[in-house]
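# Observations on chain architecture
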Amino acid sequence: MNAALSARALPRLCVLMLLLVFLAGCSGTRFVYNRLDFLVPWYLGDYVSLDRDQGRLLKSELQPFLAWHRQEELPRYVALLDRVEGKLERELTEADLRILAADAEVAVFRLQERALDWMLALGEELREEQLAEFLAGLREQQSEYEEKYLERDDAEFQSDACERLQDSARKYLGRLQREQKAGLAAACDDMLRSDSLWLEARGQWIARLDHILQREPGWQDDLREALARRGETVSAAYRSTYEHNARAIQLAVVALLNGRSERQDAHLRRELGKLRRDLLALVEQGEREQATVALAAEQS
């Protein structure tokens, strides 16, 4: 499970775990988070079919992982939110945004590294046909992505990118003004197409996983190293395109936030405040549960 999951499920699992909690900012954040012990196995079921014993192992491995995440990571997310709110008290700079983005990326790396521990434990128990099932699913998904994304022309690529960017902006600022939409559209027009480069890198990663999943002695270390160096193995064209597009978006976001209206500022602070309260409530809930378990252990 570990190598296979790492190719696509691990990055997406990071999104599930981190972004749903850190970026969702909705009334359902606590509901979703408190059900991750159910949602993670359900999610993994889309990639490989587990038998009963494997399902039990997964649940037992998840418990310490989820406890770690609640006790150690959620307070870090609160601190990161505090830094975000602190930046709103003055004019934001591109350097500010880069630092915040880097902090969030480090959080994703921590999550990936810790999640890999229980994925490796589960991976030891997978049968060859289960690994083959996962790899076949990855290849099928690759074909679907190629059909979906590569058939777009440049105008459709720009339109899709702009729609996603505007949807994210509206989530945190509310209704956008005409000039704000124009600024985001200009940023999208400046973006370079990355879909073919991303799919090429993804295909290479699947091939690398196929080799690792032969499970020769030391394959676990091979996987850890491959994941740690994944960013170094993509093409120079991919890195250059990613950096170009990231900067275009960062500049647009800086201009958008610095030009926000009073109403948009209030909307943004409400969204961040709701998310902060949810995170703190989850941390406090975890502390209460930990204290209850400790008390029960003392009394037994």
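Relevant structure appears above.
The structure displayed is predicted, hence computed values, not measured ones. Residue numbers here run from 1 along each chain, matching the order of that chain's written sequence. Residues qualify for local features only when their pLDDT is at least 70, as the model is predicted, and side-chain atom pairs are given and counted only at 80 or more; totals for whole chains, interfaces and linings, by contrast, use all residues. Side-chain measures here rest on the full set of heavy atoms in the structure, leaving out hydrogens and waters.

### Section: the overall build of the protein chain
When helices and strands are tallied, the protein chain shows 13 helices and zero strands. Secondary structure elements in the protein chain, listed N-terminal to C-terminal, are α-α-α-α-α-α-α-α-α-α-α-α-α. Between buried and exposed lies partly exposed: a residue is buried under 20% and exposed over 50% of the maximum accessible area for its type, with that area taken using a 1.4 Å probe on protein chains only. Classification of the 300 residues of the protein chain by burial places 41% in the buried group. In what follows, a contact means two residues having at least one pair of non-hydrogen atoms within 4.5 Å. Within the protein chain, residue pairs in contact and separated by at least 24 positions form 86% of the contacts whose partners lie at least 6 positions apart. A helix here means a DSSP run of H or I that spans at least four residues, while a strand means a run of E at least two residues long, and both kinds are numbered starting from the N terminus.

### Comments concerning the pattern of salt bridges
The term salt bridge refers to a side-chain nitrogen of Lys or Arg lying within 4 Å of a carboxyl oxygen of Asp or Glu. On inspection of all chains with the given rule, the structure shows 26 salt bridges. Between Arg 170 and Asp 167 there is a salt bridge, and its shortest N-O distance comes to 2.6 Å. Linking Arg 170 with Asp 167, this pair stays in helix α7 (residues 154–173), spanning three residues, or about one helical turn. Note on Arg 170: relative accessible area 33%, which makes it partly exposed. Here Lys 274 ties to Glu 271 by a salt bridge, and the two come within 3.2 Å at their closest N and O atoms. Remark: Glu 271 and Lys 274 occur in helix α13 (residues 262–299); sequence separation between them is three residues, near one turn of the helix. Among the residues examined, Lys 274 registers a relative accessible area of 34% and is labelled partly exposed. Owing to a relative accessible area of 8%, Glu 271 belongs among the buried residues under this scheme. Each of Arg 152, Asp 154, Asp 160, Arg 193 and Asp 195 takes part in one network of salt bridges that share partners.

### Here's the deal with the packing of aromatic side chains
To pair, rings of Phe, Tyr and Trp, with the six-membered ring standing in for Trp, must have centres within 6.5 Å; the planes then decide the type, stacked if under 30 degrees apart, edge-to-face if over 60, and tilted in the middle. Counted according to the given criterion, the structure contains five aromatic pairs. Relative to Tyr 149, the ring of Tyr 145 has its centre 5.8 Å away and its plane inclined at 35 degrees; by these criteria the two rings are tilted. In this pair, Tyr 145 and Tyr 149 are both assigned in helix α6 (residues 128–150), four residues apart and thus about one turn of the helix distant. Residue classification places Tyr 145 among the buried positions, given a relative accessible area of 12%. Look at Tyr 145 and Trp 198: their rings are 5.5 Å apart centre to centre, the planes differ by 50 degrees, and that puts the pair in the tilted class. Taken together, the residues Tyr 145 in helix α6 and Trp 198 in helix α9 (residues 195–212) connect sequence positions 53 residues apart. In this structure Trp 198 comes out as partly exposed when scored by relative accessible area, which is 29%.

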